[in-house]
Amino acid sequence: MEKLINDFSFGLFFWQILIFVGLLLLLRKFAWKPILDAVNNREEGIKNALESAEEAKKEMQNLQADNERILNEARAERDGMLKEARQLKENMIADAKTEAQTEADKIVAQAQATIASEKKAAIADLKNQVAGLSVEIAEKMLKKELSGNDKQLELVESMLEDVTLN
Amino acid sequence: MQKSTVVKILLIFILIFTSSNLFAKETEKEGKGDLKSEIKEFINHHLQDSHDFTLFSDKEANSHVGFPLPVILWDNGLKVFSSSKFHHGETVAEVDGNFYKLYHSKIYKTDAAGTITYDEEHHATNAKPLDFSITKNVVSMLLIGLLMFFMFRGLAKSYKKNNSIPTGVGRFLEPLVLFVRDEIAIPNIGEKKYKKYMSFLLTVFFFIWFLNLLGMTPLGVNVTGNIAVTFALALLTFLITNLTANKNYWGHIFWMPGVPTFMKVVLAPIELLGVFIKPFSLMIRLYANMTAGHVVLMSIIGMIFLFKSWIGSPLSFGLAFALSILELLVAALQAYIFTMLSALYFGMANEEAHH
């Protein structure tokens, strides 16, 4: 202890305090503050960058999920539309078929009716013609038969004979 | 088989050691004992501050290689002169009619003949003028201060130039600055208040470390092993701790909460003593570690010259080499411990009440 006190030099102590405090103040202004600020800024920057990267990643995931969902929806919609269209087509075909059938049936029925009425008319016409023809033939035959007096007398006689005088 | 060879080698080593020790003792007896005391004196001289920067000296030829430093004395007025006037303590320096003599690295006022009077314990009793000389240690501190300023100024500048990425020596320094912040300041002081102590902690860490490293060079300076230097550093820690302390800190010292009143009265002086013991331990720890390191290392280097044998000297050299590496570690460790404990005390001074 005595040696320590003996070794103690006030001059050295004085210079040490002076140099150290001076160095401390100088370094604080010109080195420590800029260094620590720069390091802090850099760390802050890195932290922010990491956070935003994380956020971007999350957003990306969300976006991907959205895309997936939209894609699925679109696919479902497409499938639905296709199904509907197929249904529609089938319905249309079926409708057209039944309509055509009924139309055809109608036409056939009309045709049959027309044919039937034509036939009737034709038959009636034929009957008239046949009747006329028959009357004409009969007329001609009668004319021919009763062309002589005797023949007329004979006929009258035969007729008179048939008649029973009651 | 292998085991036996190991045992043999060990035996040989032991033999070598003991025999070389014997040799050393014999040569000592033959009148070379003064080498030992010379080494002792050399070590003592090295541990102390010096008024001139001697790189090496040859005692027999009485030549010193180095350069003188300015001596500044306050003795009824400022006296400034070159330390070359002392001629390494051999002559009396005359300045403005006053005579000064260098004795055991201290300047004493003497008469023209340079007589120094002693008390019964062989201490000089001459008057000592106030010595503000730029000594070897002051030069070393100035050197380290300049070095630190340019290095860290460079680091600070490199951030602006290079997109916040350090270049050159800054790549080595930046992790250390971050180490002080993340491993010393924040864990001990806390996230909220560490910022105002950062300047002191960083300066003290690098200052001590660089001076410790400078002490490992053959320049032979021993700044951090000087009690005035460690006292100054510890005093700053003490002042900062107590000037920035909050109410809670003083409360814990004078009126310890949570203990009976009687204990409060007993604890107060103990705690108050602790306030002074803490920086005192800082001072002694750094001083003792660095001094001890220098003494042991120099003694082992001295052993190389004492042994003067083909076996002992290389062994001493190997030991000195290993110890030098250990001392490099100690240099960083002591800087770390001083800074860490300072931060711990600052943290204590800023602790919030949590009862």
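Residues numbered from 1 in each chain as written. Chains lettered and ligands numbered in written order. Predicted model: local features only at pLDDT ≥ 70, side-chain atom pairs only at ≥ 80, totals over all residues.

Comments concerning the overall build of chain A
Defined as follows: Every helix listed is a DSSP run of H or I at least four residues long, and every strand listed is a run of E at least two residues long, numbered separately from the N terminus. Computation of the radius of gyration draws on C-alpha atoms, with the globule rule given as 2.2 Å multiplied by the number of residues to the power 0.38.
Helix and strand counts for chain A come out as three helices and zero strands. Taking 166 residues into account, the globule formula puts the C-alpha radius of gyration at 15 Å, and chain A, at 67 Å, lies well above it. Its C-alpha atoms give chain A principal-axis dimensions of roughly 205 × 30 × 20 Å.

Some thoughts on the sheet that holds strand 5 (residues 93-95) of chain B
Residues and elements named next belong to chain B. In plain terms, the rule: Two strands are counted as paired when DSSP detects at least two bridges linking them. All axes here are fitted lines through C-alpha atoms, helices being fitted over the stretch that makes contact, and every angle between N-to-C directions spans 0 to 180 degrees.
Here we have three strands laid out as an open sheet, ordered 5-6-7, and antiparallel in their pairing. At either end of the open sheet lies a strand with only one pairing partner, and these are strand 5 and strand 7 (106-110). Across the sheet, the mean angle from the axis of one strand to that of its neighbour is 35 degrees, orientation sign disregarded.

Focus: the nonpolar core
Note the threshold: Here, a nonpolar core denotes buried Ala, Val, Leu, Ile, Met, Phe, Trp, Tyr and Cys residues that are linked to one another through C-beta atoms within 7 Å. Exposed residues have 12 or fewer other C-beta atoms within 10 Å of their own C-beta, buried residues have 20 or more, and residues in between are partly exposed; the C-beta atoms are placed from the backbone. For every residue pair, C-beta atoms are placed from the backbone, and the pair is scored as a contact if these atoms sit within 7 Å.
Of all hydrophobic cores here, the largest spans 61 residues; its most connected members are Ala185, Tyr197, Leu201, Phe205, Phe207 and Ile208 of chain B. Taken together, the elements giving at least two residues each to this core come down to helix 2 (10-145) of chain A together with helix 2 (136-161), helix 3 (170-189), helix 4 (198-216), helix 5 (227-243), helix 7 (261-307) and helix 8 (312-349) of chain B. With 13 residues, helix 4 of chain B is the largest single contributor of residues to this core. The contacts of isoleucine 208 of chain B, once residues within four sequence positions are left out, are Thr224, Leu286, Gln334, Ala335 and Phe338 of chain B. Among the nonpolar cores identified, the runner-up in size contains eight residues, and Val71, Leu73, Tyr100 and Tyr108 of chain B belong to it.

Topic: the interface of chain A and chain B
Convention followed: Only Asp, Glu, Lys and Arg are considered charged, only Ala, Val, Leu, Ile, Met, Phe, Trp, Tyr, Cys and Pro nonpolar, and every remaining residue, Gly among them, polar.
Contact residues are listed per partner, giving 29 residues for chain A and 34 residues for chain B. Elements with a minimum of two residues in the side of chain A that touches chain B: helix 1 (2-7) and helix 2 of chain A. Its residues placed into classes, the side of chain A that touches chain B shows 22 nonpolar, four polar and three charged.

Digging into the environment of tyrosine 336 of chain B
Turning to its location among the elements, tyrosine 336 of chain B is positioned in helix 8. Remark: the alpha-carbon pair of tyrosine 336 of chain B and threonine 167 of chain B, spanning 169 residues in sequence, is separated by 25 Å.

Here's the deal with the packing of helix 3 of chain B against helix 4 of chain B
Residue and element names in this part refer to chain B. In plain terms, the rule: Less than a right angle of anticlockwise turn of the near helix away from the far helix marks a crossing as left-handed, whereas a clockwise turn marks it as right-handed.
One can describe the packing of helix 3 onto helix 4 by two numbers: an axis separation of 10 Å at closest approach and a directional angle of 120 degrees. Helix 4 is crossed by helix 3, and the crossing has right-handed handedness. Only Met198, Leu201, Leu202 and Phe205 of helix 4 make contact with helix 3, whose side of the interface consists of Val177, Val180, Arg181, Ile184 and Ala185. In terms of residue class, the contact of helix 3 with helix 4 is built from eight nonpolar, no polar and one charged.

What about the sheet that holds strand 8 (residues 130-131) of chain B?
All names here are of chain B. As summarised here, the arrangement of the three strands in space is 4-3-8, forming an open sheet in which the pairing is antiparallel. Of all the strands in the sheet, the pair left with one neighbour each is strand 4 (78-82) and strand 8. In this sheet, strand 4 lies alongside strand 3 (residues 70-74) in antiparallel orientation, the contact comprising five bridges. Along strand 4, the bridge assignment pairs proline 70 with serine 82.

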